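Below are the chains, spelled out letter by letter.
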Amino acid sequence: MIDQELTFDDGVFVFETVMRVRNTEIDVGQYLTLESLITLLSEARVRFLYSKGINEINSEYQGLIVSNLQLNVISRVRAREALLFEVGVEQISQKSGKMAIKVTRMYDGSLVAKARKGFIQYDYRSNKAISFNSEVKGALDQSGLDYD
């Protein structure tokens, strides 16, 4: 597989959250495991969606699910380090979107990882992808925001 560098416009990030690496998330080498990093990225995604008023699954049994993940790990992380997760939506269409996540260390701002998550609206009753409803699309659409 070819390594593909993730690049983001810093104006895309509209949400921040901080999480500390727990001892249970590290390996025998005292570093954050890849699985735990992906779990932290998922937590940052859920916090972002919650801040936008979007539930994991709504009363219609519909929700956003991750359809793909692209991850670049820049540096290793040790236990008890505080990490800043910056989240934003890069693009959204009628049926899919792309979320950008940047992870940095709180104490020095050094880059830890970058991720891009593709997502779709999913109907759990019909077991298929559907178009975004107007509430979800409106909450996630950042095209009208002014970043200056």
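Bear in mind the structure is a predicted one, so any value in this text is a computation, not a measurement.

1. Regarding the packing of aromatic side chains
Moving on, step 1. Applying the stated rule across the entire model yields 4 aromatic pairs.
Moving on, step 2. Look at F8 and F13: their rings are 5.7 Å apart centre to centre, the planes differ by 90 degrees, and that puts the pair in the edge-to-face class. Each member of the pair, F8 as well as F13, is classed as buried.
Moving on, step 3. Both rings, one in Y122 and one in Y124, keep their centres 5.1 Å apart while their planes meet at 75 degrees; by these two values the pair is edge-to-face.
Moving on, step 4. In this structure Y122 comes out as buried when scored by relative accessible area, which is 15%.
Moving on, step 5. The partly exposed category is assigned to Y124, whose relative accessible area is 38%.

2. Some words on unusual backbone geometry
Moving on, step 1. With phi around 70 degrees, Q30 is a residue other than glycine that occupies positive phi space.
Moving on, step 2. Given the relative accessible area of 39%, Q30 is considered partly exposed.
Moving on, step 3. In this structure, R80 is a non-glycine residue whose phi angle is positive, near 70 degrees.
Moving on, step 4. Inspection of the secondary structure puts R80 in the loop between β2 (62-73) and β3 (82-92).

3. Here we look at the environment of N68
Moving on, step 1. Among the secondary structure elements, N68 is positioned in strand β2.
Moving on, step 2. The residues contacting N68, other than those within four sequence positions of it, are R116, K117 and G118.

4. Some remarks on a nonpolar patch on the surface
Moving on, step 1. The grouping of L34, I38, V66, L69 and V73 at the surface amounts to a nonpolar patch, some 360 Å² of accessible area in total.
Moving on, step 2. Of the residues forming the nonpolar patch, the biggest block, 3 residues, is contributed by β2.
Moving on, step 3. Structurally, I38 can be placed in helix α1 (residues 34-51).
Moving on, step 4. Classification of I38 as partly exposed rests on a relative accessible area of 30%.

Calculation criteria
Residues numbered from 1 in each chain as written. Predicted model: local features only at pLDDT ≥ 70, side-chain atom pairs only at ≥ 80, totals over all residues. Heavy atoms only, no water. Phe/Tyr/Trp six-rings, centres within 6.5 Å; stacked < 30°, edge-to-face > 60°. Buried < 20%, exposed > 50% of the residue type's maximum accessible area, 1.4 Å probe, protein only. Helix = DSSP H or I, 4+ residues; strand = E, 2+ residues; numbered from the N terminus. Contact = heavy atoms within 4.5 Å. Patch = residues over 30% accessible without salt bridge, like charges linked within 9 Å, V, L, I, M, F, W, Y side chains within 5 Å. Areas by Shrake-Rupley, 256 points an atom, 1.4 Å probe, with all protein chains shown as cover. Salt bridge = Lys/Arg side-chain N within 4 Å of Asp/Glu carboxyl O.

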